[in-house]
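Here's the letter readout for the chains.
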There are 2 protein chains.
Amino acid sequence: MESRSTRIGIIGSGAIGGFYGLMLARAGFEVHFLLRSEYEAVREQGLSLQSAVHGQVHMQVNAYASAADMPLCDWLLVGAKATSNAELAPLIVQAAAPESRVVLLQNGLGVEDQLRPALRPDMHLLGGLCFICVNREAPGVIRHQALGAVNLGYHSGPAAGTALAIVEEGAALFHAAGIDSQAMENLDQARWQKLVWNVPYNGLSVLLQASTTPLMADADSRLLIQQLMAEVVQGAQACGLVLPQGYAEHLLRITEQMPDYWPSMYHDHAQQRPLELQAIYAEPLARARAAGCHLVRMEMLYQSLAFIDRRNRQA
Amino acid sequence: MESRSTRIGIIGSGAIGGFYGLMLARAGFEVHFLLRSEYEAVREQGLSLQSAVHGQVHMQVNAYASAADMPLCDWLLVGAKATSNAELAPLIVQAAAPESRVVLLQNGLGVEDQLRPALRPDMHLLGGLCFICVNREAPGVIRHQALGAVNLGYHSGPAAGTALAIVEEGAALFHAAGIDSQAMENLDQARWQKLVWNVPYNGLSVLLQASTTPLMADADSRLLIQQLMAEVVQGAQACGLVLPQGYAEHLLRITEQMPDYWPSMYHDHAQQRPLELQAIYAEPLARARAAGCHLVRMEMLYQSLAFIDRRNRQA
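Residues numbered from 1 in each chain as written. Chains lettered and ligands numbered in written order. Predicted model: local features only at pLDDT ≥ 70, side-chain atom pairs only at ≥ 80, totals over all residues. Heavy atoms only, no water.

### Structural notes on the environment of A236 of chain B
So, point 1. Relative to the elements of secondary structure, A236 of chain B occurs in helix α8 (residues 219–238).
So, point 2. C-alpha of A236 of chain B to C-alpha of A286 of chain B: the two residues are 50 residues apart in sequence and 12 Å apart in space. (Helix = DSSP H or I, 4+ residues; strand = E, 2+ residues; numbered from the N terminus.)

### A few points about the relation of the copies chain B and chain A
These two copies of the chain differ by a rotation about an axis and a displacement along the same axis.
So, point 1. Mapping chain B onto chain A leaves a residual RMSD of 0.0 Å; the transformation is a rotation of 180 degrees accompanied by 0.0 Å of translation along its axis. Here the symmetry operator amounts to a two-fold rotation axis. The position closest to the rotation axis in chain B is occupied by the C-alpha of R297 of chain B, lying 3.2 Å away.
So, point 2. Taken as a fraction of all interface residues of chain B, those also at the interface in chain A reach 100%, which identifies the copy contact as same-surface. (Least-squares fit on C-alpha atoms with pLDDT ≥ 70 in both. Contact = heavy atoms within 4.5 Å.)

### Structural notes on the confidence of the model for chain A
Do not read the predicted coordinates in detail wherever pLDDT is low.
So, point 1. For chain A, mean pLDDT is 95; residues scoring 70 or higher make up 98% of the total.
So, point 2. The complex prediction reports pTM at 0.94, with the ipTM value standing at 0.92. (pLDDT = per-residue confidence, 0-100.)

### Regarding the packing of aromatic side chains
Residue and element names in this part refer to chain A.
So, point 1. One pass over the full model with this rule turns up 10 aromatic pairs over all chains.
So, point 2. Taking the centre distance of 6.4 Å and the plane angle of 50 degrees together, the rings of W197 and Y261 count as tilted. Here W197 is found in helix α6 (residues 187–207), whereas its partner Y261 is found in the loop between α9 (247–257) and α10 (264–270), with 64 residues between them in sequence. For the pair W197 and Y261, one class covers both residues: buried.
So, point 3. Ring pairs connect the aromatic residues F19, Y20 and F174, which therefore count as one cluster.
So, point 4. Lying over the aromatic face of F131, K194 brings its terminal NZ or CZ to 5.3 Å of the ring centre. (Phe/Tyr/Trp six-rings, centres within 6.5 Å; stacked < 30°, edge-to-face > 60°. Buried < 20%, exposed > 50% of the residue type's maximum accessible area, 1.4 Å probe, protein only. Lys NZ or Arg CZ within 6 Å of the ring centre and 35° of its normal.)

### Describing the UniProt feature "domain: Ketopantoate reductase C-terminal" (unreviewed entry) in chain A
So, point 1. Annotation from UniProt places "domain: Ketopantoate reductase C-terminal" (unreviewed entry) at residues 186–306 of chain A.
So, point 2. Within the segment residues 186–306 of chain A, helix and strand shares are 74% and 0% respectively, and the terminal C-alpha atoms sit 29 Å apart. (UniProt positions renumbered as here; feature names shortened; annotations may be inferred.)

### Topic: the pattern of salt bridges
All names here are of chain A.
So, point 1. Counted according to the given criterion, the structure contains 44 salt bridges over all chains.
So, point 2. A salt bridge links R136 to E38; the nearest nitrogen and oxygen atoms lie 2.1 Å apart. One end of the pair, R136, is in strand β8 (residues 124–138); the other, E38, is in the loop between β2 (30–34) and α2 (39–45), with 98 residues separating them in the sequence.
So, point 3. E38 sits in the buried class, given a relative accessible area of 3%. (Salt bridge = Lys/Arg side-chain N within 4 Å of Asp/Glu carboxyl O.)

### A few points about α8 of chain B
So, point 1. For α8 of chain B, which comprises 20 residues, the first-to-last C-alpha distance of 29 Å matches the rise-based estimate of 28 Å (1.5 Å per residue) to within 8%.
So, point 2. Three or more residues of α8 of chain B are buried, namely D220, S221, L224, I225, Q227, L228, M229, E231, V232, V233, G235 and A236 of chain B.
So, point 3. Buried residues along α8 of chain B sit against α12 (296–314) of chain A together with α6 (187–207), α7 (212–217), α9 (247–257), α11 (277–290) and α12 (296–314) of chain B.
So, point 4. Between the side-chain oxygen of the N-cap and the backbone nitrogen of D220 of chain B there are 2.9 Å, and the N-cap of α8 of chain B in question is D218 of chain B. (Expected span 1.5 Å × (residues − 1). Polar contact = N/O pair within 3.5 Å; in protein donor to acceptor, adjacent residues only side chain to side chain.)

### Observations regarding unusual backbone geometry
So, point 1. Here Q272 of chain A, not a glycine, exhibits a phi torsion of approximately 55 degrees, which is positive.
So, point 2. In this fold, Q272 of chain A is placed in the loop between α10 and α11 (277–290).
So, point 3. A positive phi angle, close to 60 degrees, is found at L147 of chain B, a residue other than glycine.
So, point 4. With respect to the element layout, L147 of chain B can be found in strand β9 (residues 141–156).
So, point 5. Look at L147 of chain B and you get partly exposed, because its relative accessible area is 40%.

### Brief notes about the environment of M229 of chain B
All names here are of chain B.
So, point 1. With respect to the helices and strands, the residue M229 is situated in helix α8.
So, point 2. Residue M229 is classed as buried on the basis of its relative accessible area of 1%.
So, point 3. C-alpha separation for the pair M229 and P263, spaced 34 residues apart in sequence, amounts to 16 Å.
So, point 4. Non-local contacts of M229, meaning those with residues more than four positions away in its chain, are made with V196, P200, Y201, A248, L251 and L252.

### Topic: the side chain of S304 of chain B
So, point 1. Tracing the backbone through its elements, the reader meets S304 of chain B in helix α12.
So, point 2. Not counting the four nearest positions on each side in its chain, S304 of chain B is found in contact with L207, L208 and L224 of chain A together with L207 of chain B.

Below you can see the structure in the form of structure tokens.
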């Protein structure tokens, strides 16, 4: 058997996949990008990153329009929207080396449960929660405003006993690329922690058509953000998870120190893409409810966004 | 003392004042209209009503740009926004005959409490809740889509013992003009009942930029409307009021049977006028809270609207 270095595939060419893929490529990893609408642009011009943290990065990269053309990868980072997992599943399987590790770099709950039945039994499935302010400026052009950490957790795979070792292996990959990454013992906990940020800011950016700075500056919307965060913490607790003490306040402070930021859900809405409402709202609400916990503000935000999303896509 | 027929003054020229004033004038009452931005148009062209119920009505009317020019009136109907009561108070006093009855045809709670100190002790103050779909199409042109009833209640005045008689006198005026009107024993109850409609539909029309038909057709927004209605009923109960059995369901059915309607708050927002958030949201929330009742969805709607309103008027 031929020995070779770790091969990484990036599924989904948006801001998240582009940023982490380019950082890994820059660190010397062999990275392969599966692209859709951006394929032509990236093949011709490569990928460009304008980063407030890492400066300007520009690289020619291995770009593919078809998973069949990719070499089999040891790690597959999925940066596409959770709403497209069903159609991506066969492509992920096609690009996966034996015992490949698939990481869903997506927000919300239940995304791994949905994808798992479509994967091979030998494939490991992980979740990754990205704490990053990053946007796609143009095809192949990524703007990174702040932060960058990835919290990883194990979902399922052939050898549950090695779960934490595999998660640590993933964190080590990111570390090698200069990216902060934490191996979490419990993926659900990692996902609920990230929801403490996503639930208020993603939803309110669409509902109030506002970015983080004005949302934090206004006393009413700021209080609402805090109340929504408290509900998410309550939902996590109802589901048996204990978030770090003062976690909501911690995220509030981080957001205050961030540059003004439009969350990804705002961009999805502006471009009439479906919103990730199932993973970020419906599933956490259902799990909390099943645990006897009714998150009223989060439900109202979900109802409002569901109305907006349906109308937006009819238009 | 000279005998004369009932003289009615209309303060505020919008859809509400215009509709009820014109209906009273058509019925033969002596009606005087105090106008601001619409004065020129109404003086020259009169008032026009396009009513789905009463047909086309057009009349030359007594129009005034200044309260000082008006004869003293026995009844003063205030159809202006609650947000302008403070500046209207001196004009109302100026146009008021001795023992004049002032009726605030406005939504929400606390509007009489705010105006009362600015009135003379001999003046009676009433509230009127209008169940009507009416809009101002152009200066002096009113479009009436459906309904029309006015529920009246007594607030304060020189002879509290005659309160119900005065309210019934008011209802009789409206009846004489072909308008359904109920004399209510308790003004607070009348106001809370109307809030069961205003709280969901006014707020959601701004928050979701949607009129009644799509809001009722979508399962999520419809459920949210019902939940908001239930909160208002709960708030009224906490304040010691008993609304009629099944009142929320009654308003839901009426709204379903109405033509598609954009509530007044939507128009206020679209024209960058201040929203009536104090009377419709802040005051009911405060009263419910003082009674130990936290209306969470209504608070979230208020917080969202407060954010939107501030930004809208800065723009």
